[in-house]
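Notes for the structure review
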Amino acid sequence: MKKTALITGASAGLGVEFARQLAAQGLDLLLVARRKEKLEEVSKSISEEFGVDVRNVSADLSDPAAPRTLLTHVEAEGLAIDYLINNAGSAGPSLFEEEDWAPQARFLELMMTSVTQLCHHFVPPMRERGFGRVVNVSSFAGRLARPAGAHYGPSKAYLVALTEELALILRGSGVHASALCPGFTHTEFHETAGMMAMKNALPGFMWYDAATVVRDGLRAVERGKPIMVSGRLYRWLDPVAQSKLFRPFIKSMIPGR
Ligand SMILES: NC(=O)c1ccc[n+]([C@@H]2O[C@H](COP(=O)([O-])OP(=O)(O)OC[C@H]3O[C@@H](n4cnc5c(N)ncnc54)[C@H](OP(=O)(O)O)[C@@H]3O)[C@@H](O)[C@H]2O)c1
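On a predicted model such as this, the values are computed, not experimentally measured, just so you know.

Looking at the pattern of salt bridges
For the structure on display, the rule yields 13 salt bridges. Here lysine 2 ties to aspartate 28 by a salt bridge, and the two come within 2.9 Å at their closest N and O atoms. On the criterion of sequence distance, the pair formed by lysine 2 in the segment before strand 1 (4–8) and aspartate 28 in strand 2 (residues 28–33) is long-range, its members being 26 residues apart. Residue lysine 2 is classed as partly exposed on the basis of its relative accessible area, which comes to 46%. The salt bridge partner of lysine 44 is glutamate 48, with a shortest N-O separation of 3.2 Å. Of this pair, lysine 44 and glutamate 48 both sit in helix 2 (residues 36–50), four residues apart, roughly one helical turn. An identical accessibility class is assigned to lysine 44 and glutamate 48; each is exposed. Connected through shared salt-bridge partners, Arg35, Lys38 and Glu188 make up one network.

Right, here's the structure in full:
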């Protein structure tokens, strides 16, 4: 039977690449992001290129009501979600430079609560059917503390912890969960966050393309690998970053904001 993937943050960057690679495997897609026009463009081009059914729904995942609304939409459309790709994310506000609490709360909702709630809604039916794939897009920034905005990295570290535990609970059920931890990747992320000066200052070897990162993530979840650090450079740095001895050296290499 044909499988369906729900992909969040599918109007740009890694989300579009997830959509393309899963469509190339023959999956039907439900794409989610805020920008409806972008979603329509991506949906049209992927359905024309790969001949799969591509639907989309506009939702702001920093709104606490959004995950429940998505579930209602999926049920109304009669869809079964076999692949859940929790990819939407942004650099977010700095904890201290942004004085209002409301944008901070919305950021945490987007980065952690919405991901957890989407797992809550969509993983149990996968387990009942005996098949499912969940990719939670974390970051190398979740693997070590940096002098950055104070909660982007921690929110990504939460996704690693959540996914490792999910993978343990789901062992033997046919449902696999992987946290994908990319390093610096060419997408719209840094431009949207006003971080182009930092991007331009970093050497080319620290950057990967979206296709490589997504390929790593999909391969990891097929193999049931709970944590996938993407890119040879970051895979090499990761064990060093986890060692107390070398952490200060790695921290000095990876810039904050
Ligand atoms: N690029 C990197 O260097 C890098 C490294 C490590 C991890 N990551 C992670 O990779 C994931 C994808 O980022 P990307 O690099 O592909 O960035 P991107 O090109 O900026 O894409 C981000 C996507 O998330 C969506 N999004 C943002 N806020 C949203 C919200 N409130 N509700 C719903 N959708 C929202 C955006 O769509 P709309 O604007 O249309 O809503 C867009 O589709 C993120 O979780 C990011 O933290 C990126």
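Considering the nonpolar core
Core analysis: the biggest nonpolar cluster contains 48 residues, and Ile7, Phe18, Leu22, Leu29, Leu31, Ile46 and Tyr234 have the highest contact counts within it. In terms of residue count, helix 8 (residues 210–223) provides more of this core than any other element does, six residues in total. The residues contacting leucine 22, other than those within four sequence positions of it, are Ala5, Ile7, Leu27, Leu29, Tyr83, Ile85 and Leu218. Membership of the second largest hydrophobic core comes to 32 residues, among which are Leu30, Leu61, Leu84 and Ala141.

Thoughts on the state of the cysteines
Considering all chains together, one arrives at zero disulfides under this definition. No disulfide involves cysteine 181; its sulfur sits 15 Å from the nearest other cysteine sulfur, which is in cysteine 119. Judged by relative accessible area, which is 0%, cysteine 181 ranks as buried.

Focus on helix 2
Relative to the 21 Å expected for 15 residues at 1.5 Å per residue, helix 2 spans 21 Å between its end C-alpha atoms, a close match to the ideal helical length. The set of residues buried in helix 2 consists of Leu39, Val42, Ser43 and Ile46. Projected down its long axis, helix 2 shows its buried positions confined to an angular sector of 100°, all on one face. Facing away from the buried surface of helix 2 by more than 90 degrees, the exposed residues are Glu37, Glu41, Lys44 and Glu48. In this structure, the buried side of helix 2 is in contact with helix 1 (13–24), strand 2 and strand 3 (54–58).

Focus: the layout of surface pockets
There is about 1200 Å³ of room inside the largest pocket. Lining the largest pocket we find 50 residues, and of these Ala88, Gly89, Ser90, Ala91 and Phe189 sit closest to its centre. At the level of secondary structure, the elements contributing two or more residues to the lining of the largest pocket comprise helix 1, helix 4 (102–129), helix 5 (152–170) and helix 6 (189–192). Here the lining of the largest pocket takes five residues from helix 4, the largest share from any one element. In the lining of the largest pocket, the residues fall into 25 nonpolar, 17 polar and eight charged. A volume near 230 Å³ is recorded for the second largest pocket. Lining the second largest pocket are 15 residues, and of these Met1, Lys2, Thr4, Ala80 and Asp82 sit closest to its centre. Counted by class, the lining of the second largest pocket contains five nonpolar, two polar and eight charged residues.

Comments concerning the packing of aromatic side chains
One pass over the structure, following the stated rule, counts five aromatic pairs. Between tyrosine 83 and phenylalanine 131, the ring centres sit 6.0 Å apart and the planes meet at 50°, which makes this aromatic pair tilted. In this pair, tyrosine 83 sits in strand 4 (residues 83–86) while phenylalanine 131 sits in the loop between helix 4 and strand 5 (132–137), placing the two residues 48 residues apart along the sequence. Taken together, the ring pairs connect Phe140, Tyr208 and Tyr234 into an aromatic cluster. It is lysine 3 that lies over the ring of phenylalanine 131; its NZ or CZ is 4.5 Å from the centre.

Criteria and thresholds
- Residues numbered from 1 in each chain as written.
- Predicted model: local features only at pLDDT ≥ 70, side-chain atom pairs only at ≥ 80, totals over all residues.
- Heavy atoms only, no water.
- Salt bridge = Lys/Arg side-chain N within 4 Å of Asp/Glu carboxyl O.
- Helix = DSSP H or I, 4+ residues; strand = E, 2+ residues; numbered from the N terminus.
- Buried < 20%, exposed > 50% of the residue type's maximum accessible area, 1.4 Å probe, protein only.
- Core = buried A, V, L, I, M, F, W, Y, C linked by side-chain atoms within 4.5 Å.
- Contact = heavy atoms within 4.5 Å.
- Disulfide = S-S within 2.5 Å.
- Expected span 1.5 Å × (residues − 1).
- Arc of directions from axis to C-beta.
- 1 Å grid on protein atoms, 1.4 Å probe; cavity = no way out; pocket = protein on both sides within 12 Å on 5 of 7 lines; lining within 4 Å.
- Points joined across faces, edges and corners; volume = space filled by probe spheres on them.
- Nonpolar A, V, L, I, M, F, W, Y, C, P; charged D, E, K, R; others polar.
- Phe/Tyr/Trp six-rings, centres within 6.5 Å; stacked < 30°, edge-to-face > 60°.
- Lys NZ or Arg CZ within 6 Å of the ring centre and 35° of its normal.

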